[in-house]
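# Topology and contacts: notes
These are the residues of each chain, in order.
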Amino acid sequence: MTVLRYILCAFSVLSILAASHSHADSHQKESDIKAAIIFNLARFTDWPESSHHNEGNHFSLCSHASKGMETALDGLAGKTLHGRTLEIVHIKDLDDVSDMCEIFFISNLPDRLDFNSLHSKGMLTMSDHPGFTYEGGGMSIQRQGKKIRFSINSAALKDAGVKPSSKILSLAVEPPR
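Owing to the predicted nature of the structure, the values given are computational and were not obtained by experimental measurement. (Residues numbered from 1 in each chain as written. Predicted model: local features only at pLDDT ≥ 70, side-chain atom pairs only at ≥ 80, totals over all residues. Heavy atoms only, no water.)

Turning our eyes to something else, we now look at the pairing of strand β8 (residues 147-152). Where strand β7 (residues 139-144) and β8 come together, six bridges link them in antiparallel fashion. In the strand pairing of β8, Q144 is matched with K147. In sequence, β7 turns back onto β8 through a hairpin of two residues, with G145 there showing a positive phi of about 70°. (Pairing = 2+ DSSP bridges. Helix = DSSP H or I, 4+ residues; strand = E, 2+ residues; numbered from the N terminus.)

This is the structure in structure tokens:
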């Protein structure tokens, strides 16, 4: 009987570990999908020719995100975007957001974020935070049912001087509140 209890206990522990591992894998897969969407949205978005963002060899995507999302974004590093090498910069303190970031991705919104300041620098702001575009952000990526969708705040993009392609505009959905 003791051996049977030991086996049942071991099976229970393994089941719990497998379930938590599977849950972690699904979150990472979702983060990987979101990172791929971010990359493709950036590919089909234009920055003004006169922008300082067109200088240099690097295209900077700055992030203040969860560990899983930062891991997914790191997988994009080194890809070519607008003829330059994509560089991923992890920001720990929001005061450290550089003027040289073309994209700023943020997971958890602080109580206050000065979107006007970020957009005036020609920075595309993006998030997976629900309601991000209603709060002044440029593009939001979120789960809607079983699908990952994105929404756009046209006024914020105009303020930043970035122009998504007509294809992106046609694929965007109404943002959730």
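On we go from here.
This brings us to the side chain of D128. Turning to its location among the elements, D128 is positioned in the loop between β6 (124-127) and β7. Polar contacts involving the side chain of D128 include one to the side chain of K34, which spans 3.4 Å. A polar side-chain atom of D128 sits 3.5 Å from a polar atom in the side chain of S107. When residues no more than four places from it in sequence are discounted, the contact partners of D128 are K34, M69, F105, I106, S107 and I141. (Polar contact = N/O pair within 3.5 Å; in protein donor to acceptor, adjacent residues only side chain to side chain. Contact = heavy atoms within 4.5 Å.)

A word on helix α2 (residues 67-74). When α2 is considered as a whole, its buried residues turn out to be M69, E70, A72 and L73. The buried residues of α2 occupy an angular sector of 160° when projected down its axis, which confines them to one face. (Buried < 20%, exposed > 50% of the residue type's maximum accessible area, 1.4 Å probe, protein only. Arc of directions from axis to C-beta.)

Let us look at the nonpolar core. If you look at the biggest cluster of nonpolar residues, it comprises 30 residues, and the most contacted ones within it are L73 and M126. At six residues, the largest contribution of residues to this core is made by helix α1 (residues 2-43). Ignoring sequence-local partners within four residues, the contact set of M126 consists of I38, L41, I103, F104, F105, I106, F132, M139 and I141. I91, V97, C101 and M123 belong to the second-largest nonpolar core, a separate cluster that totals 11 residues. (Core = buried A, V, L, I, M, F, W, Y, C linked by side-chain atoms within 4.5 Å.)

Our focus in this paragraph is the pattern of salt bridges. Side-chain pairs of opposite charge can arise where the charged atoms are in close proximity. In the structure shown here, the tally under the stated rule is five salt bridges. Close ionic contact of E30 with R143 constitutes a salt bridge, the shortest N to O distance being 2.7 Å. Taken together, the residues E30 in helix α1 and R143 in strand β7 connect sequence positions 113 residues apart. Among the salt bridges present, the one from E70 reaches K92, with a minimum N-O distance of 3.8 Å. Remark: K92 occurs in the loop between β4 (84-90) and β5 (101-106) and E70 occurs in helix α2; sequence separation between them is 22 residues. Residue classification places K92 among the exposed residues on the basis of a relative accessible area of 64%. One salt-bridge network, held together by shared partners, links E30, K34, D128 and R143. (Salt bridge = Lys/Arg side-chain N within 4 Å of Asp/Glu carboxyl O.)

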